[in-house]
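Structure at a glance
Each chain, written out:
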Amino acid sequence: MTDNEKYPELREYLRGQNYSDLEIDHIIAEVRDYEAETRVDSIMDSIDSGHLDIQALIDDALKKMAD
């Protein structure tokens, strides 16, 4: 999926608000950065709270790599 295909609803909303394509691209880039940061924070919170077994995740990833 290309950057122009991501967040189609947000793109449509921003077009409706009369933002230019260049402005929309910059806004979408900020949203992507925020989303990535939020995912990292969420994963770390899940590990800290014990809801995510990081060792099981590591073991599973290495097992898949070996297959």
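See above for the structure.
Computed from a predicted structure; not experimentally measured. Along each chain, numbering runs from 1 in the same order as the chain's sequence is written. Local features in this predicted model are restricted to residues whose pLDDT is 70 or higher, and side-chain atom pairs enter the listing and the counts only when it is 80 or higher, whereas totals over whole chains, interfaces and linings include all residues. The side-chain figures draw on all heavy atoms in the structure; neither hydrogens nor water molecules are used.

1. Details of the pattern of salt bridges
Put simply, a salt bridge is a Lys or Arg side-chain nitrogen that is within 4 Å of an Asp or Glu carboxyl oxygen. Using the criterion set out here, one finds 4 salt bridges in the structure. Between Arg39 and Glu35 there is a salt bridge, with its nearest N and O atoms 3.1 Å apart. Linking Arg39 with Glu35, this pair stays in helix α2 (residues 21–49), spanning 4 residues, or about one helical turn. Buried means the residue's accessible area, taken with a 1.4 Å probe over protein chains only, is under 20% of the maximum for its type, while exposed means over 50%, and partly exposed covers the values in between. A residue is classified by how much of its surface remains accessible, and Arg39, at 49% relative accessible area, is partly exposed. Overall, Glu35 belongs to the partly exposed group, its relative accessible area being 31%. Elements are defined by DSSP. Helices are runs of H or I of four residues or more, strands are runs of E of two residues or more, and each kind is numbered from the N terminus.

2. Notes on a negative patch on the surface
A grouping of Glu30, Asp33, Glu37, Asp41, Asp45 and Asp48 is seen on the molecular surface, where their side chains present a negatively charged patch. Mapped onto the secondary structure, Asp48 falls in helix α2. Here a patch means residues that are over 30% exposed by relative accessible area and free of salt bridges, tied together within 9 Å if like-charged and within 5 Å if nonpolar (Val, Leu, Ile, Met, Phe, Trp, Tyr). Note on areas: Shrake-Rupley, 1.4 Å probe, and residue coverage restricted to the protein chains presented here. For this count, His and the chain ends are skipped, Lys and Arg are scored as positive, and Asp and Glu as negative. Working definition for charges: the position is that of NZ of Lys, CZ of Arg, CG of Asp or CD of Glu.

3. Concerning the packing of helix α1 (residues 8–16) against α2
The axes are straight lines fitted to the C-alpha atoms, using for helices just the contacting stretch, and the angles between their N-to-C directions are given from 0 to 180°. Close contact between α1 and α2 brings their axes to 10 Å; oriented N to C, the two are set at 140°. Taken together, the axes of α1 and α2 are oblique relative to one another. Classified by chirality, the crossing of α2 by α1 is right-handed. Residues Leu10, Arg11, Leu14 and Arg15 of α1 form the contact with α2, whose participating residues are Asp21, Ile24, Asp25, Ile27, Ile28 and Val31. Residue polarity is assigned by list, with Asp, Glu, Lys and Arg as charged and Ala, Val, Leu, Ile, Met, Phe, Trp, Tyr, Cys and Pro as nonpolar; anything else, Gly included, falls into the polar class. Class assignment of the residues belonging to the contact of α1 with α2 gives a composition of 6 nonpolar, no polar and 4 charged. Geometric relationships in this document are graded by angle, where less than 35 degrees denotes roughly parallel, more than 145 denotes roughly antiparallel, 65 to 115 denotes roughly perpendicular, and other angles denote oblique. Should the near helix be turned anticlockwise from the far one by less than a right angle, the crossing is left-handed, and should it be turned clockwise, the crossing is right-handed. In what follows, residue pairs with any heavy atoms lying within 4.5 Å of each other are defined as contacts.

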